[in-house]
Amino acid sequence: MIVFKLEVYAFFFVFYAASAAENSAPTNLQIIESQVAELIVQTASAVVVDSGCALIVDAAAPAHPLNALVKKQVYLWAKTAGFAAVYEGVPLSADSLNNFTLTFMPIRAQVRYQRSAEDRAVLQRLIATELLITILRPSRKVILSESKRAFFQDLIAAQNVAQLETPELSFTQGEKPKQAGALSWLEPLLVAVVTGGIVYSFYSFRSK
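Residues numbered from 1 in each chain as written. Predicted model: local features only at pLDDT ≥ 70, side-chain atom pairs only at ≥ 80, totals over all residues. Heavy atoms only, no water.

(A) Expanded view of the overall build of the protein. Counting secondary structure elements, the protein contains 5 helices and 5 strands. Helices and strands in the protein line up, N terminus first, as α-α-β-α-β-β-β-β-α-α. Counting only residues that meet the buried cut, the protein has 34% of its 208 residues in that class. Restricting to contacts in the protein with at least 6 residues of sequence separation, those with at least 24 account for 73%. Here the protein has roughly 13,300 Å² of accessible surface; of this, 61% comes from carbon and sulfur atoms. (Helix = DSSP H or I, 4+ residues; strand = E, 2+ residues; numbered from the N terminus. Buried < 20%, exposed > 50% of the residue type's maximum accessible area, 1.4 Å probe, protein only. Contact = heavy atoms within 4.5 Å. Areas by Shrake-Rupley, 256 points an atom, 1.4 Å probe, with all protein chains shown as cover.)

Structure (structure tokens):
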């Protein structure tokens, strides 16, 4: 009896620990935003800002869905880097001769899920983000032009995928394993067929 109670306590401890870990998992959007911030800092950390200089932010792909997130992180970096001001879409003129220019282009933000070989209820989440960043001096000389990549992976519960995605942002949504989807429909069907067969056989035997 004592052993049984210990097993029950152990089960609930593992269950609640796993539930807490799942609930604390960062969303895909949070991970991608963190990756973007990391890539911007990695790429632009070598830029030495002259006193009084401003920064012009330019999106190379104006309609890209990742632009708003990248701009937010560029603004945050510009503040810590010491720029006097940040402008968006300001045309070059005599007044902007002291301005640096940062042009960015999101190359990819990809979310993938892979079925775990050990446990079908667990998925491996893989997120890759890549940015192309170009920075020009006020003299229009290119300081740097680099493509940077960031990768992230962890394990999540398959049932929590929807909670980690943002419906209105397509780049936070990943393709689910097709095989797992098929098995999720097949398993209940097989159980129903087998159960029905057993019940039918039982009553057929009794009727004889």
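(B) Broad picture of the packing of aromatic side chains. Inspection of the entire model under this criterion finds 2 aromatic pairs. An aromatic cluster is present here, built from Trp-77, Phe-83 and Phe-100 joined pairwise through their rings. (Phe/Tyr/Trp six-rings, centres within 6.5 Å; stacked < 30°, edge-to-face > 60°.)

(C) Highlighting unusual backbone geometry. Even without a glycine there, the phi angle at Arg-140 is positive, about 75°. Looking at the secondary structure, you find Arg-140 in the loop between strand S4 (122-136) and strand S5 (142-157). Overall, the relative accessible area of 36% leaves Arg-140 in the partly exposed class.

(D) Highlighting the pairing of strand S1 (residues 54-59). A large share of S1 lies buried, amounting to 5 of its 6 residues. Where S1 lies against strand S3 (residues 99-115), 6 bridges are found, and the strand directions are parallel. Across the sheet, residue Leu-55 finds its bridge partner in S3, namely Phe-100. Note that the unit made of S1, helix H3 (residues 67-81) and strand S2 (residues 86-88) has a crossover that is right-handed. (Pairing = 2+ DSSP bridges. Right-handed = clockwise from strand over helix to strand, strands pointing away.)

(E) Region of the structure containing the environment of Thr-172. Assignment of secondary structure puts Thr-172 in the loop between helix H4 (161-164) and helix H5 (178-207). Sequence spacing of Thr-172 and Ile-31 is 141 residues, and the spatial spacing of their C-alpha atoms is 9.4 Å. Setting aside residues up to four positions removed in sequence, Thr-172 forms contacts with Asn-28, Leu-29, Ile-32, Val-111, Tyr-113, Glu-165 and Thr-166. A distance of 3.0 Å separates a polar side-chain atom of Thr-172 from the backbone nitrogen of Thr-166. For Thr-172, the side chain forms a polar contact with the main-chain oxygen of Leu-169, separated by 2.7 Å. (Polar contact = N/O pair within 3.5 Å; in protein donor to acceptor, adjacent residues only side chain to side chain.)

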